Amino acid sequence: MSSPLSVARQHAVLGSQRSTDQRQHRRVGIPLLGRFMRANREEYPCKLNDISVGGAAVMAPVVVAEGEPIVAYFDHIGGIEGTVVRTFEGGFAIQFKITAHKREKLASQLTWLLNKDVISGIEQRRHARIPIPGKYARIVLDDGETVDCKLIDVSISGASLGMDMRPPIGSELTLGKLRCRVMRYHERGIGVQFIDIQEPEALRRHFM
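Residues numbered from 1 in each chain as written. Predicted model: local features only at pLDDT ≥ 70, side-chain atom pairs only at ≥ 80, totals over all residues. Heavy atoms only, no water.

Colleague: Run through helix 2 (residues 100–113), naming residues and quoting values.
Modeller: A rise of 1.5 Å per residue sets the reference length of helix 2, with its 14 residues, at 20 Å; its end C-alpha atoms lie 20 Å apart and thus fit the reference within 8%. Looking at helix 2, one finds that the buried residues are Lys102, Arg103, Leu106, Ala107, Gln109, Leu110 and Leu113. Buried residues of helix 2, viewed axially, fall in a sector of 165°; they line one side. For helix 2, exposure combined with an orientation more than 90 degrees from the buried face picks out Ala100 and His101. (Helix = DSSP H or I, 4+ residues; strand = E, 2+ residues; numbered from the N terminus. Expected span 1.5 Å × (residues − 1). Buried < 20%, exposed > 50% of the residue type's maximum accessible area, 1.4 Å probe, protein only. Arc of directions from axis to C-beta.)

Colleague: Tell me what's going on with the sheet that holds strand 11 (residues 178–186), and back it up with residues and numbers.
Modeller: Spatial strand order, 7-8-9-12-11-10: six strands in a closed barrel with antiparallel pairing. Put simply, the sheet's adjacent strands are angled 45° from each other on average, direction ignored. Looking at chain direction, strand 9 (residues 158–162) and strand 12 (residues 189–194) are connected through five bridges and run antiparallel. For glycine 158, the partnering residue across the bridge sits in strand 12 and is glutamine 193. (Pairing = 2+ DSSP bridges. Axes fitted to C-alpha atoms, helices over the stretch in contact; angles between N-to-C directions.)

Colleague: Lay out the environment of arginine 138 with the relevant residues and their values.
Modeller: Here arginine 138 lies in strand 7 (residues 130–141). It is 4.4 Å that separates the C-alpha atoms of arginine 138 and aspartate 148, two residues lying ten residues apart in sequence. Look past the residues within four positions of arginine 138 in its chain and what remains in contact with it is Thr146, Val147, Asp148, Thr174, Leu175 and Gly176. Among the polar contacts listed, one links the side chain of arginine 138 to the side chain of aspartate 148, at a separation of 2.9 Å. (Contact = heavy atoms within 4.5 Å. Polar contact = N/O pair within 3.5 Å; in protein donor to acceptor, adjacent residues only side chain to side chain.)

Colleague: Explain the pattern of salt bridges to me, and be specific about the residues and the numbers.
Modeller: Under the criterion given, the structure shown has four salt bridges. Where glutamate 68 meets arginine 38, a salt bridge forms, and the shortest distance between an N and an O atom there is 2.8 Å. With glutamate 68 in the loop between strand 3 (55–59) and strand 4 (69–74) and arginine 38 in the loop between strand 1 (33–37) and strand 2 (43–51), this pair connects stretches of sequence that are 30 residues apart. Here glutamate 68 falls in the buried class, since its relative accessible area comes to 10%. Its salt-bridge partner being arginine 138, residue aspartate 148 comes within 2.9 Å of it at the nearest N-O pair. Here arginine 138 lies in strand 7 and aspartate 148 lies in strand 8 (residues 146–154), a separation of ten residues in the sequence. (Salt bridge = Lys/Arg side-chain N within 4 Å of Asp/Glu carboxyl O.)

Right under this line is the structure:
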């Protein structure tokens, strides 16, 4: 039987479980890295964008199909199954297929992760950006065109590049030997996400 405390946490942080409408579950932004397996058993890296006890939005380097079953694994949460309910530029949303017990456990995990110290620690360990002053690189666009750019900073999941050109959001390019996807624009250039998550030592070899 659920304790009053666990039920209170779940309702306060994530909304009522009794609703059958997934949108009734309050989504929270928790930036965790992970991997997911498609129906064909191929695995890819991914990044959690936001999550509730009913589902999640995930950034991914490949396009998936609506209705496709997905098994995802995220740091601090573990494995979770779901079905793709919609796709968007650079990712997809899944609706979880989990038991009431698993849902209650997930609510507790998310409540714990929302602690300010925990989130800031994850950010510092997993997404710390390393400034790269005075470093230039060459990128290869998906049509084969090469463009010179300035490295602004890098993290294990992506990089900020200074350049005048603005390749389409979602397009792929190669930075050195690293495959990337264009995720955003900023005043100095673009932000890219590495398709394969990099280890800190690999970043040092590529950019330091």
